[in-house]
Amino acid sequence: MRIFIVGYMGCGKSSLGRELSDCLGVSFIDLDRFIETRYRKTIPEIFKESGEMGFREKESICLKEVSFFENVVIAVGGGAPCFYDNMDIMKNNGICFFLDVGEEEIVSRLKKSKQDRPLIDGKSSEEIRSFVHVMMKKRRPYYEKSQCIIKGNDIKLEELLMKVKKTVKLKK
Ligand code: S3P
């Protein structure tokens, strides 16, 4: 079993992914933390030193690596599905779940947690709002390639777990 959790920054991929892995009794990997450990640098440091494309290269290399791990839930950064052939890699090696949280909810969550996210750090509330609007439009087509989409502003573990059980069973 290999499950990928995808979606916009702030949609709850890491927290729900971790809870899901606990319930399923499998390991959890947060791709951003994996990258930080591999390169011994924080995500903001990588962005600062190598720029966004430098980060995307490292992200894709690490994604390929974790795509071979067995019995795992993997939460990937918001941009990961939208670069290179990352989405195909995930779909070919596992099942992708897209946590489709609404625009307003994402904006309000990101306003509270922008410091660790180089793409929005330093932006005003209005700038975050328009960034999120543009980002959602661009990224949605990639996320929507996921085998399973879960929509809502307050996605609960129970709902995700139910969908996972259904989807994983169907795949067997
Ligand atoms: C990014 C999202 C971040 C992280 C990086 C870039 C993005 O992860 O990978 O800052 O492009 O949306 P989260 O989605 O976990 O915030």
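Colleague: Would you mind showing me how to read the overall build of the protein here?
Modeller: If you tally the helices and strands in the protein, you get seven helices and five strands. Ordering the α and β elements of the protein from the N terminus gives β-α-β-α-α-β-α-β-α-α-β-α. Taking 2.2 N^0.38 as the reference for a compact globule, 172 residues should give roughly 16 Å; the C-alpha atoms of the protein span a radius of gyration of 15 Å, in line with that estimate. Here the C-alpha coordinates of the protein stretch approximately 45 × 35 × 25 Å along the principal axes. When each of the 172 residues of the protein is scored for burial, the buried share is 48%. Accessible surface, the protein as shown: approximately 8900 Å² in total, 52% of it carbon and sulfur. Charge-centre separation for the protein: the mean point of 32 positive side chains lies 3 Å from the mean point of 26 negative side chains.

Colleague: Looking at this structure, I do not really get the pairing of strand β5 (residues 148-151). What am I missing?
Modeller: Looking down a regular strand, the side chains alternate between one sheet face and the other. Residues C148 and I150 of β5 are buried on one face, while the alternating residues I149 and K151, pointing to the opposite face, are not. For strand β4 (residues 95-100) and β5, the ladder comprises four bridges, and the chain directions are parallel. Bridge pairing in β5 places F97 opposite C148.

Colleague: So what exactly am I meant to see when it comes to the packing of helix α2 (residues 31-39) against helix α3 (residues 43-66) here?
Modeller: Two quantities define a packed helix pair, namely the angle between the helix axes and the distance between the axes. Axis separation between α2 and α3 bottoms out at 9 Å; the angle between their running directions is 110 degrees. Considering their axes alone, α2 and α3 lie roughly perpendicular with respect to each other. Of the residues in α3, those touching α2 at L31, D32, R33, F34, I35, E36, R38 and Y39 are I43, I46, F55, K58, E59, I61, C62, L63, E65 and V66. In terms of residue class, the contact of α2 with α3 is built from eleven nonpolar, no polar and seven charged.

Colleague: What should I look at first to understand the side chain of D100 in this one?
Modeller: By the element assignment, D100 lies in strand β4. Polar contacts involving the side chain of D100 include one to the side chain of R140, which spans 2.8 Å. Apart from residues lying up to four places away in sequence, D100 is in contact with Y8, R140, I149, I150, K151, G152 and I155.

Colleague: Before we go on, may I ask you to explain the site of the ligand in this structure?
Modeller: Inspection of the region around the ligand gives 13 residues, with K13, R56, G78, R117 and R139 positioned closest. Contacts to the ligand include D32, whose side-chain N or O atom sits 2.9 Å from an oxygen atom. In the complex, the protein chains occlude 94% of the 390 Å² of accessible area that the ligand would expose alone. By residue number, the principal contributor to the shell around the ligand is α3, which donates three residues. Each residue belonging to the shell around the ligand can be placed in one class, and the counts come to five nonpolar, three polar and five charged.

Cut-offs and rules
- Residues numbered from 1 in each chain as written.
- Predicted model: local features only at pLDDT ≥ 70, side-chain atom pairs only at ≥ 80, totals over all residues.
- Heavy atoms only, no water.
- Helix = DSSP H or I, 4+ residues; strand = E, 2+ residues; numbered from the N terminus.
- Rg over C-alpha atoms; globule rule 2.2 N^0.38 Å.
- Buried < 20%, exposed > 50% of the residue type's maximum accessible area, 1.4 Å probe, protein only.
- Areas by Shrake-Rupley, 256 points an atom, 1.4 Å probe, with all protein chains shown as cover.
- Lys, Arg positive; Asp, Glu negative; His and termini not counted.
- Charge placed at Lys NZ, Arg CZ, Asp CG, Glu CD.
- Pairing = 2+ DSSP bridges.
- Axes fitted to C-alpha atoms, helices over the stretch in contact; angles between N-to-C directions.
- Parallel < 35°, antiparallel > 145°, perpendicular 65-115°, else oblique.
- Contact = heavy atoms within 4.5 Å.
- Nonpolar A, V, L, I, M, F, W, Y, C, P; charged D, E, K, R; others polar.
- Polar contact = N/O pair within 3.5 Å; in protein donor to acceptor, adjacent residues only side chain to side chain.
- Near = heavy atom within 4 Å.

Everything listed here is a matter of coordinates, which is why it stays silent on function.
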